Amino acid sequence: MSDLFTDSANEIEEIQQDVYILRSFTSYDSLIADVKAVTTVAPFRFMYTPGGKKLNISMTNCGDLGWVSEPSGYRYAAKDPTSNEPWPTMPHSFKRLAIKAANKALFNDFNPNACLINHYKQGRELTAHQDKNEPDLSQPIVSVSLGMSARFQIYGDSRNNKALEIELYDGDVMVWGRSARLIYHGVKTNRGIPHPILGDHRINLTMRMV
Ligand code: MD3
Ligand code: FE
């Protein structure tokens, strides 16, 4: 039971089947040093879609493999194509956080080896899509929202469905697995109160096993 004085950081809520949210599970403040360590070595960059269009969200990765979009297609790559060097190691703080969140949703053998980091300027959106480039769909995806809040859209099994919308704030962590693993989802533009450090920007970490 929650009351005024209960610390929400320890609660997990299943907002729809197999979609879990942990509010205020972390914060940009507590991850900033590790985010910067990664983005200093592998800066955010705009990738191109297989159709040749520039994505409107900049991205980078850390871990053994990183998600890459190129004119030739999507793939998980061991090297950063910009530098031709391996991606930075995934910080222990990221991995620990993702495993702890997954465990709360009863995924007990989640051990992410890939972390995609998305950077949203105010006004940038992510249109409805599925994440299906990962080989083992029995493993969940854990996402961490940092900075300004955004409206997340859950469409379910078709992008033509009416979306369930949920506001994601700095430090909110979500776990998506099982029946929700292939749902269509998207992100609407950042909104609300500027973050003390990130201002009207938003950063999202998605951790995966690939
Ligand atoms: C539901 N990122 O990188 S994270 C993505 O806020 C992506 O940057 C969004 O969608 C963002 O692919 C949303 C939440 C998320 C990530 C992966 C999912 C939700 C998911 C995979 C399956 C189902
Ligand atoms: Fe996605």
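Scroll up to find the structure this text is about.
Because the structure is a prediction, the values reported are computed rather than measured.

A. Seen up close, the environment of Leu65. Locating Leu65 in the fold gives a position in the loop between strand S3 (58-63) and strand S4 (66-70). In this structure the C-alpha to C-alpha distance between Leu65 and Pro86, which are 21 residues apart in sequence, comes to 8.3 Å. Not counting residues within four places of it along the chain, the set of residues in contact with Leu65 comprises Tyr76, Ala77, Ala78, Trp87, Asn113, Ala114, Cys115 and Val210.

B. Looking closely at the environment of Leu31. Residue position: Leu31 is located in helix H1 (residues 28-41). For Leu31, a relative accessible area of 4% corresponds to the buried category. Once the C-alpha coordinates of Leu31 and Leu146 are considered, the two residues, 115 residues apart in sequence, prove to be 9.1 Å apart. Beyond its immediate sequence surroundings of up to four residues, Leu31 is in contact with Thr26, Ser93, Phe94, Leu97, Val144, Leu146 and Leu205.

C. Expanded view of the pattern of salt bridges. This structure, assessed with the given rule, holds 11 salt bridges. Asp172 serves as the salt-bridge partner of Arg23, at 2.5 Å between the closest nitrogen and oxygen. Of the two residues, Arg23 sits in the loop between strand S2 (19-22) and H1 while Asp172 sits in the loop between strand S12 (164-168) and strand S13 (173-176), which places them 149 residues apart along the sequence. Here Arg23 falls in the partly exposed class, since its relative accessible area comes to 27%. Judged by its relative accessible area of 2%, Asp172 is buried. The salt bridge partner of Glu165 is Lys188, with a shortest N-O separation of 3.2 Å. Of the two residues, Glu165 sits in strand S12 while Lys188 sits in strand S14 (residues 184-191), which places them 23 residues apart along the sequence. With relative accessibility at 31%, the residue Glu165 sits in the partly exposed group. Classification of Lys188 by relative accessible area gives partly exposed; the value is 34%. Salt bridges sharing partners connect three or more residues here, namely Arg151, Glu165, Glu167, Lys188 and Arg191.

Analysis parameters
Residues numbered from 1 in each chain as written. Chains lettered and ligands numbered in written order. Predicted model: local features only at pLDDT ≥ 70, side-chain atom pairs only at ≥ 80, totals over all residues. Heavy atoms only, no water. Helix = DSSP H or I, 4+ residues; strand = E, 2+ residues; numbered from the N terminus. Contact = heavy atoms within 4.5 Å. Buried < 20%, exposed > 50% of the residue type's maximum accessible area, 1.4 Å probe, protein only. Salt bridge = Lys/Arg side-chain N within 4 Å of Asp/Glu carboxyl O.

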